[in-house]
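Spelled out, the chains give:
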Amino acid sequence: MRTFIAYIKISLSNQIQYKIASYAGVIVQFCWAVMNILLYRTFYLSNNNTNMSFQQVVSYMWLQQAFYSLFATWSLDSKILNSIVSGSVCYELCRPMKLYNSWFFQNVARRIGKALPKCIPIILVSSILPGEFRLRWEIKSYEFFAFIISMCLSLVLVVSFCMLIYIIVFFIISPLGIKMILSALLDFMTGAVIPLAFFPEWMNKILAISPFTYMQNIPLQIFCGSIAGFEIIYSLFMQTIWVLIFILVGNILMQKAIKKVIVFGG
Amino acid sequence: MILYIQYLKAYFMSISQYKKSAILTIIGQFLTSLFSLLGINFLFSQFNSLGGFTYEEILLCYSNITFAFSLAEFFARGFDTFPYLISDGRFDRILLRPRGAILQILGATFEISRLGRLFQAILIYIWVLPRSKIVWNFFNIFVLLEIQICGFVLFVSLFILYATICFFTTQGLEIFNIFTDGSREFGKYPFAVYGDKVLKIFTYVVPVACIQYYPISYLTGKTGNMLYAFTPLFVIPYTVLVVIFWKIGVKKYTSTGS
Amino acid sequence: MIKVENISKSYYVSEKREKTKIRNLFFKTRKQIEALDNISFSVEDGEMVGYIGPNGAGKSSTIKILSGILTPDSGKCTINGMVPWEERVKYVKNIGVVFGQRSQLWWDLPVIESYNLLKEIYKIPKNQYKRTLFRLTDMLDLDSLINIPARQLSLGQRMRCEIVAALLHEPRILFLDEPTIGLDAVSKKSVRQFIKNINKESNLTLLLTTHDMQDIEMLTKRIIFLAKGKILFDGEIETIKQKYNKKMVYIKCKGNKPNLIEGIEIKDEDEGYFTVKLDKKKITEESAIKYLISRSEIIDITSHDLSTEEIVIQMYKDYQV
């Protein structure tokens, strides 16, 4: 736990080095949310009878942009990727810590470090905007509690998924192509392109048993109030299951990867 | 021109060394825009129309932007990655040579993965053009070509503009992605659907609406105003301005050397 | 204490072909390379050993095996009573490793931040950490450096900080893989002095690979010379110096070059001057001088010992590597 806090500390101070980039990021994310909201406002003029109300879409968009760096599946740590390709990974192998845990901590910490300076101003500003653009806090306290838990689970799920990608890089030398294909697929499946609520029924049924819907869709929907009651508990349960599966698979693969490094010298 | 073709040849020869990787990135880009297309499709299955535009009209707009943007990205990638060009000293080397800097940067690198998007844009054209209710006379074909060419030129000059800003500041460059990546992302839909203010910004500051909302309104018969058919030509003076701005930037760079 | 017995390691390297053929997609032509071939040596506590050899001799493979990253195909190795590649996590607490070409410092952050992170990774108790850090920075004059971001340090300064990073958890053994690579002469000197101080202060066992013979000359008494995966020499530098102890004698003369007798070889010839080299197995200095002085005018006689560098070049030649 202390190691983890140390990782968070160092990645936050690393982020502070890029202050201006962070400010710029806030503005970009803010504009992105505004543009999306404007787009959906026009869409809603033609039809109001959808799975999500316009108000819910507004909240969804704000939160999605606020926590963008937390859940972006394609955001891999170039430090780790480079260390695999260049062989610096041997430094980490010389440390008294399992490589999986070390990378896992680093990634969670890095995402929190990146998201924290962005999400606070975006949430603050969007909560005091006038009229229909406002982020509505119409969430009950137990739902908010579930939202926080679900956020943590989503973060851990995304990271444990990214761990699989890092480990794959051990086995293939040039990760760029795979990364592009995966990120295209994931952006869509997780609801980064359009909210999953607008997907056709049959696709949502498939996605419900896949891990993708649990990577950012669930916490955002809980906050917007578009899923409630038993559905929340079920979703949290599924999130946990997928986290466990990914961590288990990741650890097994990691052992194989390390063995490969250890036997063949990387 | 001969030099440029030489650059292109060199690039394709170096690519063939990494065929597998190149093909994967093309597929990746194809998928990215395929999913963005699916997104539009799903949205239209929930909503009937968008600000008076039908599904086919939106797709026409989408393929126009995708085509022009990916073509521009393919050729002008060097400007998109300009900060690296400066920081690793390649730009200094470019200035040492007796050829125009813009040409050399255009030749410095190409982005083959964008062919994936380009290919997709063509597929959508094939699907959408017969289905759109555009009357195919010479003038309308001219307008369509005008959109393509001016769109390509516009995006190239946006990349040059982005690179020019690097001469004046190296920090906070991400903000300008709102205009480059933003025009691709949000230009999928005619800018009028975002409201008046946004439309004005994307007409006068970054004239992307000139190659989508106005001419498409004309093509689809939403307006008879002939002026709308010629708005893409507004890109020409815009590009001239950008190039002047670029030259000022280069002058500043060579005089301060930083 | 390090004890290595009969360690061997071979790699398979897939060969690259010039032309891409379809069958290459399905079959890889693999080539076996003996990286290490029956290596044995031992190092006492507090000893400083230089590990030298040409590129690809197997130096890095050895370091990797000793630090638990690489498993050998056969052979035994015990370090402080443990086998490195078994129980890796427990084992690495007792060693420090510095790879000269790689960095474990965070590029954008003050060095001290990286140290604080390492403190948590190695679970170093607070007091011990403070004490060690104070001792190292004080002894090595790093106080002013550790608050500077790593990217602003010179290569030599950074290398010193890297070495401290590897010592924070007070390991008993330190492996240095080419610590002076890429440094300028002044930085090299300061890094060497630094390593020397550490060894003196804390009685560390130190194994150092390098290409730089001056590193060896300044730091170690003992060298292990490795080539093509085999140990060719293991012992005191002095022994090898004596073995190759050919005092080189050059004589510069004025006048026309005479007919040379056996043991005198021409080295240089210039307008009216010539320089000869003596082969002392065949001719004594005395008779050579006598011979030369009767035929020309001797201007200068120089003699010097072979430097370590020259000895190593000689060894490379002798072992044909």
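Reading the values: the criteria
- Residues numbered from 1 in each chain as written.
- Chains lettered and ligands numbered in written order.
- Predicted model: local features only at pLDDT ≥ 70, side-chain atom pairs only at ≥ 80, totals over all residues.
- Helix = DSSP H or I, 4+ residues; strand = E, 2+ residues; numbered from the N terminus.
- Rg over C-alpha atoms; globule rule 2.2 N^0.38 Å.
- Buried ≥ 20, exposed ≤ 12 C-beta atoms within 10 Å, placed from the backbone.
- Contact = placed C-beta atoms within 7 Å.
- Nonpolar A, V, L, I, M, F, W, Y, C, P; charged D, E, K, R; others polar.
- Pairing = 2+ DSSP bridges.
- Axes fitted to C-alpha atoms, helices over the stretch in contact; angles between N-to-C directions.
- Core = buried A, V, L, I, M, F, W, Y, C linked by C-beta atoms within 7 Å.
- Parallel < 35°, antiparallel > 145°, perpendicular 65-115°, else oblique.
- Left-handed = near helix turned anticlockwise from the far one by under 90°.
- Expected span 1.5 Å × (residues − 1).

Colleague: Explain the overall build of chain B here, please?
Modeller: Scanning chain B from N- to C-terminus turns up 13 helices and zero strands. Along chain B, from the amino end to the carboxyl end, the secondary structure elements read α-α-α-α-α-α-α-α-α-α-α-α-α. For a compact globule of 258 residues, the expected C-alpha radius of gyration is about 18 Å, and chain B comes in at 19 Å, within 12% of that figure. Taking the principal axes of the C-alpha coordinates as reference, chain B spans close to 55 × 40 × 35 Å. Across the 258 residues in chain B, those meeting the buried criterion constitute 42%. Taking all contacts inside chain B whose residues are at least 6 apart in sequence as the whole, residues at least 24 apart take part in 75%.

Colleague: It is not clear to me how the overall build of chain A should be interpreted in this structure. Could you clarify?
Modeller: In terms of regular secondary structure, chain A is built from twelve helices and zero strands. Its C-alpha atoms give chain A a radius of gyration of 19 Å, within 12% of the compact-globule value 18 Å for 266 residues. Principal axes of the C-alpha set define a box for chain A whose edges measure 60 × 40 × 35 Å. Here chain A holds 266 residues, and 46% of them are scored as buried. Across chain A, every contact between residues at least 6 apart in sequence was considered, and the portion connecting residues at least 24 apart equals 83%.

Colleague: Looking at this structure, how should I read the interface of chain A and chain C?
Modeller: Where interface size is given, it is often the accessible area lost as the parts come together that is meant. Each side of the interface is counted separately: chain A has 21 residues, and chain C has 24 residues. Mapped by element, the contributors of at least two residues to the side of chain A that touches chain C are α1 (2-16), α6 (89-93) and α12 (230-264) of chain A. Considering each element in turn, the side of chain A that touches chain C owes the most residues, seven residues, to α1(A). Its residues assigned to classes, the side of chain A that touches chain C comprises twelve nonpolar, six polar and three charged.

Colleague: Can you help me understand the arrangement of the chains in this one?
Modeller: Counting contacts across all two pairs of chains found in contact, the highest total belongs to chains A and B. A gap remains between chain B and chain C, with no contact made and the closest C-alpha atoms lying 10 Å from each other.

Colleague: Looking at this model, I keep getting lost on the interface of chain A and chain B. Mind explaining?
Modeller: Each side of the interface is counted separately: chain A has 31 residues, and chain B has 34 residues. With 14 residues, helix α2 (residues 19-46) of chain A is the largest single contributor of residues to the side of chain A that touches chain B. When its residues are assigned to classes, the side of chain A that touches chain B shows 23 nonpolar, seven polar and one charged.

Colleague: Which parts of the structure should I look at to understand the sheet that holds strand β11 (residues 264-270) of chain C?
Modeller: Strands pair in a sheet through their backbones, by hydrogen bonds, and they do so in one of two ways: parallel or antiparallel. Residues and elements named next belong to chain C. Taken together, four strands build an open sheet; the order of strands is β11-β12-β10-β13 and the sheet is antiparallel. Unpaired on one side and paired on the other, β11 and β13 (297-304) mark the two borders of the sheet. Averaged over all adjacent pairs, the angle separating strand axes in this sheet is 20°, with direction ignored. Here strand β10 (residues 248-254) runs beside β13; their pairing, made up of seven bridges, is antiparallel. Bridged to I251 within β13 is I301.

Colleague: Hey, could you run me through the nonpolar core in this one?
Modeller: B:A72 and B:F159 are the most contacted members of the largest nonpolar core, which has 226 residues in total. Ranked by residue count, the leading element in this core is helix α8 (residues 138-168) of chain B, at 15 residues. In contact with B:A72, other than residues within four places in its own chain, are B:F152, B:F155, B:V156 and B:F159. If you look at the next biggest cluster of nonpolar residues, it comprises eight residues, including C:C253, C:I264, C:L278 and C:A288.

Colleague: Explanation requested: the sheet that holds strand β7 (residues 205-210) of chain C in the structure shown.
Modeller: Residues and elements named next belong to chain C. An order of β5-β6-β7-β3-β8-β9 is seen for the six strands of this open sheet, with the pairing classed as mixed. In the strand order of this sheet, the two ends are held by β5 (95-99) and β9 (230-236), each with one partner. Adjacent strand axes in the sheet meet at a mean angle of 15°, parallel and antiparallel pairs treated alike. Pairing of strand β8 (residues 222-227) with β9, which is carried by six bridges, proceeds in the antiparallel orientation. Within β9, the residue paired with A227 across the bridge is K230. Against the sheet, helix α6 (residues 155-167) contacts β5 and β6 (173-177), and its axis sits at roughly 155° relative to β5.

Colleague: Where do I start with the packing of α1(A) against helix α7 (residues 99-127) of chain A in this structure?
Modeller: In a packed pair of helices, the relevant descriptors are the angle between the two axes and the axis-to-axis distance. Residue and element names in this part refer to chain A. Axis separation between α1 and α7 bottoms out at 8 Å; the angle between their running directions is 45°. If you check the angle between α1 and α7, you find them oblique. Like other packed secondary-structure pairs, α1 and α7 cross with a definite hand, here right-handed. Of the residues in α7, those in contact with T3, F4, Y7, I8, S11, L12, N14 and Q15 of α1 are F105, Q106, A109, R110, I112, G113, K114 and P117.

Colleague: Even after reading the chapter, I still don't get the environment of C:I198, so can you show me in this structure?
Modeller: Residues and elements named next belong to chain C. Considering the arrangement of structural elements, one finds I198 in helix α7 (residues 185-202). For the pair I198 and V98, spaced 100 residues apart in the sequence, the C-alpha separation amounts to 14 Å. Discounting residues that sit within four places of it in the chain, I198 has contacts with L167 and L204.

Colleague: Mind showing me how you'd approach the environment of C:Q157 here?
Modeller: Mapping C:Q157 onto the fold places it in helix α6. Considered as a pair, C:Q157 and C:N127 are 30 residues apart in the sequence and their alpha carbons are 26 Å apart.

Colleague: Honestly, unusual backbone geometry in this entry has me stumped. Any pointers?
Modeller: Leaving glycine out, the prevailing phi sign among residues is negative, and the prevailing peptide bond configuration is trans. Residues and elements named next belong to chain C. Positive phi, close to 50°, is recorded for N6, a residue that is not glycine. You can see N6 is positioned in strand β1 (residues 2-14). The exposure class of N6 is partly exposed, given the 14 C-beta atoms found within 10 Å. For E170, which is not glycine, the phi torsion reads 50° and is therefore positive.

Colleague: Can you help me understand helix α9 (residues 176-190) of chain A in this one?
Modeller: Think of an α-helix as turning once every 3.6 residues; residues three or four places apart then point the same way. Taking 1.5 Å of rise per residue, 15 residues should cover 21 Å, and α9(A) covers 21 Å from first to last C-alpha, within 8% of that figure. Turning to α9(A), its buried residues are A:G177, A:M180, A:L182, A:S183, A:A184, A:L186, A:D187, A:F188, A:M189 and A:T190. The secondary structure elements touched by the buried residues of α9(A) are α8 (141-171), α10 (201-209) and α11 (217-224) of chain A together with α2 (19-46) of chain B. Following α9(A) by one or two positions, A:G191 adopts a phi angle in the positive range, close to 95°.

Colleague: Is there a simple way to explain the environment of C:Y129 in this structure?
Modeller: Residue and element names in this part refer to chain C. Within the fold, Y129 resides in helix α5 (residues 126-140). A count of 20 C-beta atoms within 10 Å places Y129 in the buried class. Measuring from C-alpha to C-alpha, the distance between Y129 and L168 comes to 6.9 Å, with 39 residues separating the pair along the chain. Apart from the residues lying within four places of it in its own chain, the contact partners of Y129 are K119, I124 and L168.

Colleague: For this particular structure, what's the right way to read the packing of α2(B) against helix α3 (residues 55-80) of chain B?
Modeller: All names here are of chain B. Interaxial distance between α2 and α3 falls to 11 Å at its minimum, and their mutual angle equals 160°. The orientation of α2 with respect to α3, classified from their angle, is roughly antiparallel. Both α2 and α3 take part in a crossing whose hand is right-handed. In this structure, α2 contributes S33, L37, I40 and F44 to the contact, and α3 contributes Y55, I58, Y62 and T66.

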